[in-house]
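One-letter residues, chain by chain:
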Amino acid sequence: SSVALGSICQSAISNRLPTGGFTNPKACSQTRHGNSEWWQAQLTSNSAARVTFVQVHQLKGCCKNASKPLLTVTLDGNDCPLRILKLQQRSRQVFFCNRTGQTVRVTSELPNTPLTVCQVQVFAENLADIDADHPLLQLSNCSQLPPSSSATCQKATDGRTRTGCIAVPENGWWEAQTQKASLIKYVRIYSAMTCCQDSAYKFSVSVDGSNCISYSGAYFSARDFLCKRKGRNIRIVNRMQTGQLLLCEVQAFGSRRTPVDYG
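Residues numbered from 1 in each chain as written. Predicted model: local features only at pLDDT ≥ 70, side-chain atom pairs only at ≥ 80, totals over all residues. Heavy atoms only, no water.

The name given to the protein in an unreviewed UniProt entry is FTP domain-containing protein, with the source organism recorded as Macrostomum lignano.

**A few points about the nonpolar core**
Selection rule: We call a set of buried Ala, Val, Leu, Ile, Met, Phe, Trp, Tyr and Cys residues a nonpolar core when their side-chain atoms join them within 4.5 Å. Burial status follows relative accessibility: with a 1.4 Å probe on protein chains alone, a residue under 20% of its type maximum counts as buried, one over 50% as exposed, and anything between as partly exposed. Counting from the N terminus, the helices are the DSSP runs of H or I reaching at least four residues and the strands are the DSSP runs of E reaching at least two.
The biggest cluster of nonpolar side chains holds 35 residues, and the ones touching the most others in it are Trp174, Ile189, Tyr201, Phe203, Val205, Ile236 and Leu247. Looking at this core, the elements that each hand over two or more residues are strand E12 (139-145), strand E13 (166-168), strand E14 (173-190), strand E15 (200-207), strand E16 (210-218), strand E17 (222-238), strand E18 (245-247) and strand E19 (249-255). With six residues, E14 is the largest single contributor of residues to this core. One finds Leu70, Leu75, Cys97 and Val117 within the second-largest nonpolar core, a separate group that totals 20 residues.

**Some details on the environment of Ser7**
For clarity, the threshold we go by: Any two residues whose heavy atoms approach within 4.5 Å are treated as being in contact. Residues adjacent in sequence count toward polar contacts only when both atoms are side-chain atoms; beyond that, a polar contact is any pair of N or O atoms within 3.5 Å, and within protein one must be able to donate a hydrogen and the other to accept it.
Along the chain, Ser7 falls in the segment before strand E1 (29-30). For Ser7, a relative accessible area of 11% corresponds to the buried category. In contact with Ser7, other than residues within four places in its own chain, are Cys28, Ser29 and Gln30. A distance of 3.0 Å separates a polar atom in the side chain of Ser7 from the backbone oxygen of Gln30.

See below:
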């Protein structure tokens, strides 16, 4: 949110963890005095990751007399609950997320106070490794309403999760097909990483006309949705009255089987 004392925000992702903790403020990222000052960074993985927990290191001895949490951590705008290990260890705080996302934000809970963050560590699992039993299904034959050129709707299936997004307007939709009828276990949606963190999304996902996902909640940059529907045609409908639904990449995971295989 701001910088002070010549610090840079990259200091908090330098991978330096001195023995005995941080004692020199110059080794940390610091903001100016203010309300709800924050520090933020994004995961550099090209694929989505399920973040299990975030560990935040502050100056040694900073928080021994604190009577309440001094920080909050969010992943794509969703709160990660704090787990306090011991009072004397509050300079190292652990926040459990257990969700998919890309953008980590640390926010100060103290009024008119600078935020000092010495090191932020994110522990996560690559979803491609977790879901080996449900392979990625190739999507093609895309279309969208209002109509657009095929090259535009294909931006959501070109394999690039960070660039080339499409905007689905209010009550509009985007759809694509798998190569053959499949059991679609879940749908992964990538949205723009920094555009809309104070916004909310509302949309639905259906497979061959059967609704499997109805989402109404906080903006996210990457998220998995359990679907468990058989079919080929995946449609995403923007249910917002005002505002665009940004789709940077849509991926489907499941089993390549024909309906007869299910008896």
